[in-house]
Amino acid sequence: MNKIDRPSPQNKPAKLVDPFGRAIDYIRVSVTDRCDFRCVYCMAEEMTFLPKSELLSLEELEVVCRNFMRLGTRKIRLTGGEPLVRRNIMHLIRNLGAEVKSGNLDELTITTNGSQLEKKAEELAEAGVRRLNVSLDTLDADKFQLITRWGALDKVLAGMKAARKAGLQIKLNTVALKGVNEDELGDMVAFAGDEGFDMTIIEVMPMGDIGNENRVDQYLPVSVVRTRLEKRFTLTPSDYATAGPARYVEVGETGRRLGFITPMTHNFCESCNRVRITCTGQLYMCLGQDDHADLSRALRGGGEAGLQEAIYEAIGRKPKGHDFVISRREARNVGRMMNVTGG
Ligand code: SAM
Ligand code: SF4
């Protein structure tokens, strides 16, 4: 049964609440599937990207965001692919940032690989962005190149410096990779502390086809990481919670927060009120399941009324939880790629 309230002509549109009573007030929007890196856990080196005609235009992305805002969205995260490589993306960021300035949105945040920050940090801050998630898996330049294939560590570090100078708060996102950065994670926690960044350590998720790389080889349980970090740091469970899926601890030695995202070893679904919109306008109600709604078709065929109806209908189907499985011998997958859905 679809329990969500629908809008009526007399009333303002009802807020979105899913069948399990979770208010949907946070959306993640992938603005492009393209990227200037080729991280081994995210993409194959040879990628075929979507034709432009399949992507939502920047104007359409804005219409989708604004309709979610009418239905109660208070926080928008832009992601990708690499959001800052989409042409004219600053136009969308400025328009949504204006809604933060006028109080219609609580927050506009961006998840980025940091490659463009040196150029764009100041502009982002001026536009109304206050916080960034920057993905950084290693502080070793050679390893950085090994992981990202096409990236350069010094550029990202310079970008983070520029972001800090512009007054942007940074949280590091670090994927724990077996045999690659596992020996470095303690140093990265210390680095985050020195720089004044919170940090989240993420388990590899089985998303999409990544060519010859093997997820089972990459998989390092975050529970193992945490046990190792506890030998060096005093980790005190914190009741701090963001709209994201991380469970946080306070690091006694640095005073910063450290989050763990453990989609494989712990089901973080119960409190999940997040939905994701892909760069092609597909609304996924759960990162780990394939059920989705085609907002692009709804918008292009039925205008904003059709779009809102499609959103209501889809939120009424948001599942209670997901279904990833990764075991020593098996890496079962949801078919789509992280760069299309957005991390
Ligand atoms: N390009 C931007 C970046 O790297 O921050 C934004 C998009 S990226 C898909 C978002 C986040 O997803 C990054 O922190 C990345 O490390 C993470 N990610 C990508 N593929 C992943 C996977 N298979 N498992 C876990 N995290 C993944
Ligand atoms: Fe690009 Fe981010 Fe995927 Fe790396 S994780 S390939 S930076 S989209």
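Predicted, not measured: the structure shown is a model, and the values here were computed from it. Sequence positions are assigned chain by chain, starting from 1 and proceeding in written order. Going through the entries in the order they are written, you letter the chains from A and number the ligands from 1. In keeping with the predicted nature of the model, local features appear solely for residues at pLDDT of at least 70, side-chain atom pairs appear and are counted solely at 80 or more, and the whole-chain, interface and lining totals rest on all residues. Excluded from the side-chain calculations are hydrogens and water; all other atoms, namely the structure's heavy atoms, are used.

Chemist: Just give me the short version of the site of ligand 2, but keep the residues and values in it.
Modeler: What makes a residue near a molecule or strand is one non-hydrogen atom of that residue sitting within 4 Å of it. If you check the shell around ligand 2, you find Cys35, Phe37, Cys39, Cys42, Met43, Gly81 and Asn113 and nothing else. Under the scheme applied here, ten amino acids are nonpolar (Ala, Val, Leu, Ile, Met, Phe, Trp, Tyr, Cys and Pro), four are charged (Asp, Glu, Lys and Arg), and all others, including Gly, are polar. By residue class, the composition of the shell around ligand 2 is 5 nonpolar, 2 polar and no charged.

Chemist: Pulling in residues and values, what's your account of the confidence of the model for the chain?
Modeler: Here the chain averages 87 in pLDDT, while 81% of its residues score no lower than 70. This stretch, residues 1–5, has a pLDDT under 50; its non-local contacts, to residues over four places away or in other chains, come to 11 contacts. Residue-level confidence of the predictor is summarised by pLDDT, bounded by 0 at the bottom and 100 at the top. Contacts are residue-level and defined by heavy atoms, with any inter-residue pair within 4.5 Å sufficient. Every residue in residues 7–12 scores below 50 in pLDDT, and together they form 4 contacts with partners more than four places removed in sequence or on other chains.

Chemist: So, the pairing of strand S4 (residues 131–135): which residues are in play, and what are the values?
Modeler: Summary of the burial criterion: residues with accessible area below 20% of their type's maximum are buried, those above 50% are exposed, and those between are partly exposed, where the area comes from a 1.4 Å probe applied to protein chains only. Helix and strand definitions follow DSSP, with helices as H or I runs of at least four residues and strands as E runs of at least two, each counted in order from the N terminus. Most of S4 is tucked away, with 4 of its 5 residues classed as buried. A clockwise course of the path from the first strand over the helix to the second, judged with the strands pointing away from the viewer, identifies a crossover as right-handed. As a crossover connection, the stretch from strand S3 (residues 107–112) through helix H3 (residues 117–127) into S4 is right-handed. Where S4 lies against strand S5 (residues 169–175), 5 bridges are found, and the strand directions are parallel. Directly across from Arg131, in S5, lies its bridge partner Gln169. Strand pairing is assigned whenever DSSP detects at least two bridges linking the two strands.

Chemist: Explain the environment of Leu153 to me, using residue names and the numbers behind them.
Modeler: Topologically, Leu153 is positioned in helix H5 (residues 153–165). In this structure, the C-alpha to C-alpha distance between Leu153 and Asp142, residues 11 residues apart in sequence, is 8.5 Å. Each residue touching Leu153, except ones within four places of it in the same chain, is listed here: Leu136, Thr138, Leu139, Asp140, Ala141 and Phe144.

Chemist: A description of the sheet that holds strand S10 (residues 274–277) should follow, citing residues and the corresponding values.
Modeler: Sheet architecture is open: 12 strands sit in the order S7-S8-S9-S6-S5-S4-S3-S2-S1-S10-S11-S12, paired in mixed fashion. Two strands lie at the open edges of the sheet, namely strand S7 (235–237) and strand S12 (292–294), each paired on one side alone. On average, each strand axis in the sheet is tilted by 25° relative to the strand beside it, whichever way the strands run. Contacting S5, strand S6 (198–202), strand S8 (247–251) and strand S9 (257–261), helix H6 (residues 185–195) runs over the sheet at an angle of about 175° to S5. To obtain each axis, a line is fitted to C-alpha atoms, and for helices this fit is confined to the stretch in contact; angles are then taken between N-to-C directions over 0 to 180 degrees. Along the sheet face, helix H9 (residues 295–315) touches S10, strand S11 (282–284) and S12 and points at about 155° away from the line of S12.

Chemist: With reference to specific residues and values, describe the pairing of S6.
Modeler: For S6, the tally of buried residues reaches 5 of 5 residues, placing the bulk of the element in the interior. Covered by surrounding structure in S6 are Asp198, Thr200 and Ile202 together with Met199 and Ile201, the residues of both alternating faces. Sheet topology places S5 next to S6; 5 bridges connect them, and they run parallel. Bridge assignment links Asn173 to a residue of S6, and that residue is Thr200. Taking the sense of rotation as the criterion, the β-α-β connection linking S5, H6 and S6 turns out right-handed.

Chemist: Outline the packing of aromatic side chains, listing residues and values.
Modeler: Pairing of aromatic rings covers Phe, Tyr and the six-membered ring of Trp, with a centre-to-centre limit of 6.5 Å; geometry is then stacked below 30 degrees between planes, edge-to-face above 60, and tilted otherwise. On inspection of all chains with the given rule, the structure shows 2 aromatic pairs. Taken together, a centroid distance of 5.9 Å and an interplanar angle of 90° make the contact between Phe37 and Phe144 edge-to-face. Of this pair, Phe37 sits in the loop between strand S1 (26–30) and helix H1 (58–70) while Phe144 sits in helix H4 (residues 141–148), placing them 107 residues apart in sequence. Phe144 carries the same exposure label as Phe37, and that label is buried.

Chemist: Describe the nonpolar core, naming the residues involved and giving the relevant values.
Modeler: Remark: nonpolar core denotes a set of buried residues (Ala, Val, Leu, Ile, Met, Phe, Trp, Tyr, Cys) joined through side-chain atoms within 4.5 Å. Residues Phe68, Ile76, Leu78, Ile93, Leu124, Leu258 and Leu283 are the most contacted members of the largest nonpolar core, which totals 93 residues. The element best represented in this core is H9, accounting for 9 residues. Excluding residues within four positions of it along the chain, Leu283 makes contact with Phe68, Val275, Arg276, Ile277, Asp291, His292, Ala293, Leu295, Ile311, Ala314 and Ile315.

Chemist: A description of the pattern of salt bridges should follow, citing residues and the corresponding values.
Modeler: Two side chains that carry opposite charge are able to pair once their charged atoms sit near each other. Salt bridge criterion: a side-chain nitrogen from Lys or Arg within 4 Å of a carboxyl oxygen from Asp or Glu. Applying the stated criterion across every chain, the model contains 21 salt bridges. A salt bridge links Asp18 to Arg22; its shortest N-O distance comes to 2.6 Å. This pair shows no difference in class: Asp18 is buried, exactly as Arg22 is. Ionic pairing is found between Arg74 and Asp106, a salt bridge with its closest N-O pair at 2.7 Å. Of this pair, Arg74 sits in the loop between H1 and strand S2 (75–79) while Asp106 is found in the loop between helix H2 (89–101) and S3, placing the two residues 32 residues apart along the sequence. For Arg74, a relative accessible area of 30% corresponds to the partly exposed category. Each of the salt bridges in this network shares a partner with another, and the network as a whole consists of Glu62, Arg66 and Glu99.

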